[in-house]
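Here's the letter readout for the chains.
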Amino acid sequence: MKTSTRNTTNWIFGFFLGIFFCCSGFGQSSDIFRLEYLNIPENDTGIKTQRYRFLFNLPIKLNEKKDYLITGMEYNKLDIGYSQDFPFDRSELIRFHVVDLNVGFITKWNENWNLVTIITPRLASNFTSGTITDDFFFNATATLWKEKPNAEKPFRIVLGLSYNSTTGLPVPLPLISYYKRFHPKWSYTLGIPRSNFKYHISKKHTFEMTMLFDGYFINIQENIVLPDNQLGSKISLSALVGAIGYQYNISKRMSLYVLGGRSLEQEGKLRNDKRGDVFLLNDESNLYLRTGFKIGIF
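If you check an unreviewed UniProt entry, the chain appears there as DUF6268 domain-containing protein from Flagellimonas eckloniae.

And the structure:
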């Protein structure tokens, strides 16, 4: 019974992580500009992670119908440290890079809904030997977006499908998010990869409790030879995080933020070319600290 329950939990976690890798996608963000630093301190497995993130999206108005072309890019650098020995060479597992290029289109679907389509080619690798075919991944998202920002109780709904080649699933996965400001000082968002509950102290100050998915899936150019003669050709981290945060709103669209919490479920793995698990690196909880500056469209 315990094994069955654990397998069910892993399947659910894996399903939602698949949605995360599709719709959170480093490049599929509602931000116009973001600078961010993430620190996951060392845990019992002796692994620590730092991530530096830069994102820029440029909306270009095409006509009076308010159709927009979205172009942009996102860059993430990950530095991973190890204080314990593993039965293989770790030199290929210290620094990784993820580069996304974004091309999107926003148009008025009807009186109430906007259609948003985005394609995001991605390079994700340790880049020890330039770039190779296995470094390339592809993401695509199509969503319908409806919002009433000036209603008595403002709300926003996002419904759609998203495909990401890193999930290993041959079909698009559902994407859904619902936001509501049900009181002048309180709001919530329900969805994947993030749900939260916010207390708006004033226009300048906001506190939140949040549940979010985070992680990465990256190619390793020089395969890692494991003791059982299997090869590790990909590295992945998937984490379900509970956190509290504070946001200082410089203006309606511009803010500074800090988030602190702990992973509730976490798996760092080496994978083979078919995305199968070949070595478990990290399944212990971590502290999770994130801070940054952003300019968003909402």
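A. A look at the confidence of the model for the chain. Confidence in the prediction of the chain, expressed as mean pLDDT, is 87, and 89% of residues score 70 or more. Predicted confidence is poor over residues 1-28, with pLDDT under 50, and the contacts of this stretch with residues over four places away or in other chains come to 67 contacts.

B. View of a nonpolar patch on the surface. A contiguous nonpolar surface patch, about 710 Å² in accessible area, is contributed by Phe182, Trp186, Phe197, Tyr199, Ile201, Phe207, Met209 and Ile244. Where the nonpolar patch is concerned, the elements lending two or more residues are strand E10 (194-200) and strand E11 (205-225). With respect to the helices and strands, the residue Tyr199 is situated in strand E10.

C. Quick peek at the environment of Thr71. The topology assignment puts Thr71 in strand E3 (residues 68-82). Since its relative accessible area comes to 29%, Thr71 is described here as partly exposed. Along the chain, Thr71 and Gly104 lie 33 residues apart, while their C-alpha atoms are 6.4 Å from each other. Every residue in contact with Thr71, bar those within four places of it in the chain, is listed here: Phe56, Asn57, Leu58, Ile60 and Asn102.

D. Local environment of the pairing of strand E9 (residues 186-191). Side chains Ser187, Thr189 and Gly191 project from E9 onto a buried face, and the interleaved Trp186, Tyr188 and Leu190 project onto a face without burial. Where strand E8 (residues 173-183) meets E9, five bridges bridge the pair, whose relative direction is antiparallel. Within the sheet, the bridge partner assigned to Lys180 lies in E9 and is Tyr188. What sits between E8 and E9 in their antiparallel hairpin is a turn of two residues.

E. A look at the side chain of Ser187. Residue position: Ser187 is located in strand E9. Looking at Ser187, its side chain comes within polar contact range of the side chain of His200, at 2.8 Å. Those residues in contact with Ser187 that lie beyond four places of it in its chain are Tyr179, Lys180, Arg181, Phe182, Asn196, Phe197, Lys198 and His200.

F. Representation of the packing of aromatic side chains within the structure. Counting across every chain of the model gives 14 aromatic pairs. Summarising the aromatic geometry, the rings of Tyr82 and Phe86 are spaced 6.0 Å apart at their centres and angled 90° between planes, so their arrangement reads as edge-to-face. Considered together, Tyr82 and Phe86 belong to a single accessibility category, that of buried residues. For the pair Phe86 and Phe88, a centre-to-centre distance of 5.6 Å together with 20° between the ring planes defines the contact as stacked. Overall, Phe86 belongs to the buried group, its relative accessible area being 17%. For Phe88, a relative accessible area of 9% puts it in the buried group. Joined through ring pairs, the aromatic side chains of Tyr178, Phe182, Trp186, Tyr188, Phe197 and Tyr199 make up one cluster. Between Lys294 and the ring centre of Tyr257, over which it is positioned, the NZ or CZ distance is 5.7 Å.

Procedures and definitions
- Residues numbered from 1 in each chain as written.
- Predicted model: local features only at pLDDT ≥ 70, side-chain atom pairs only at ≥ 80, totals over all residues.
- Heavy atoms only, no water.
- pLDDT = per-residue confidence, 0-100.
- Contact = heavy atoms within 4.5 Å.
- Patch = residues over 30% accessible without salt bridge, like charges linked within 9 Å, V, L, I, M, F, W, Y side chains within 5 Å.
- Areas by Shrake-Rupley, 256 points an atom, 1.4 Å probe, with all protein chains shown as cover.
- Salt bridge = Lys/Arg side-chain N within 4 Å of Asp/Glu carboxyl O.
- Helix = DSSP H or I, 4+ residues; strand = E, 2+ residues; numbered from the N terminus.
- Buried < 20%, exposed > 50% of the residue type's maximum accessible area, 1.4 Å probe, protein only.
- Pairing = 2+ DSSP bridges.
- Polar contact = N/O pair within 3.5 Å; in protein donor to acceptor, adjacent residues only side chain to side chain.
- Phe/Tyr/Trp six-rings, centres within 6.5 Å; stacked < 30°, edge-to-face > 60°.
- Lys NZ or Arg CZ within 6 Å of the ring centre and 35° of its normal.

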